[in-house]
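Descriptive structure summary
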Amino acid sequence: MATYPGGEDLERALHAWFDSLRKHLEWFYFFDVEPKPLVDRAVEVIREQRLEWKSKEQRKKEIVQAARSTRKAEQHLRLLGSEILRIQDLGQRVHAEAVRVLAWDFTPRTEEDGALADRVSQENVYLLDLLPDHLGRLLDDLKRSITSAVRAGVLSTTDARASSGLDEGTVEQIMRKPQAPNTGPWELIARWRAPLNSTDPLGA
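Residues numbered from 1 in each chain as written. Predicted model: local features only at pLDDT ≥ 70, side-chain atom pairs only at ≥ 80, totals over all residues. Heavy atoms only, no water.

Observations concerning the layout of surface pockets
In this structure, the largest pocket spans a volume of roughly 580 Å³. Lining the largest pocket are 18 residues, and of these Tyr4, Leu14, Phe28, Phe30 and Val39 sit closest to its centre. Where the lining of the largest pocket is concerned, the elements lending two or more residues are helix H1 (8–17), strand S2 (27–28) and helix H2 (35–48). If you tally residues by element for the lining of the largest pocket, the top one is H1, at four residues. (1 Å grid on protein atoms, 1.4 Å probe; cavity = no way out; pocket = protein on both sides within 12 Å on 5 of 7 lines; lining within 4 Å. Points joined across faces, edges and corners; volume = space filled by probe spheres on them. Helix = DSSP H or I, 4+ residues; strand = E, 2+ residues; numbered from the N terminus.)

If you want it as C-alpha cells, here you go:
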C-alpha cells in the first residue's frame, strides 16, 4: 500500500508506535480503520520529533507518549464536535418551540392553565439564555484545542480539523472568529439571544 524512505530506525519507531495493535512479529491489526493515514501521520510525527534517532528506551517512551497524545487530542476534538452538533440541534428546536409558544392564541380557563402556560414560556426562555453561552464556550474550546494540538505537533492542521467531525466550512468559521462573528454557529448564537417574536423564520 505504501513505502517510506528510511531504514531500521524508522521501522523500529513504527513498531513501537503501533505496539498496542501488534498481533505477531510484523503483523498489526487495525480493526476496521484504514491504516495508511495512521501510518502516514506516525511517520510524520516520528520524523518531526526525530524519534528514530533516540536511544531505544527513550525512543519507545517518547513514541508511546506521542501516540497517546495524538489519540487523546483526536478523542477530545471528536467529543467537542459531537457536543457542538448536539447543542446546535437542541437550540434550534428550543428556539422554534419558544416561537410557537409566543404564537399561541391561548386564553386560560383556569389558574392552573395560566400557570402552565407561564411555566412553558419560562422554561423556553430559560433554555435560550443557557444554550448560547454553552455553545459559545464549546466553540472557543474547539478553536483553542485545534490550535494547541497543531502547535504541539500532536496533529496536523488538516487532521485536527477533521477530527472534530464538523464540516470544513463550519470549522473555518469557528477558527476565524471574531473576524467572522455572524456566520455559522455564531449566527445561531446571535439569533437565540435576539428578542423572540412569533414571525421569526426559525419558528416557521
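Description of the nonpolar core
Ile84, Leu135, Leu139, Leu142, Ile146 and Leu155 are the most contacted members of the largest nonpolar core, which totals 26 residues. Counting only elements with at least two residues in this core, the list comes to helix H3 (56–103), helix H4 (111–151), helix H6 (168–176) and helix H7 (184–193). Here this core takes eight residues from H4, the largest share from any one element. Discounting chain neighbours no more than four positions away, the residues touching Ile84 are Leu135, Leu138, Leu139, Leu142 and Leu166. In terms of nonpolar packing, the next biggest core, distinct from the first, is built from 13 residues, Leu14, Trp17, Val43 and Val45 among them. (Core = buried A, V, L, I, M, F, W, Y, C linked by side-chain atoms within 4.5 Å. Buried < 20%, exposed > 50% of the residue type's maximum accessible area, 1.4 Å probe, protein only. Contact = heavy atoms within 4.5 Å.)

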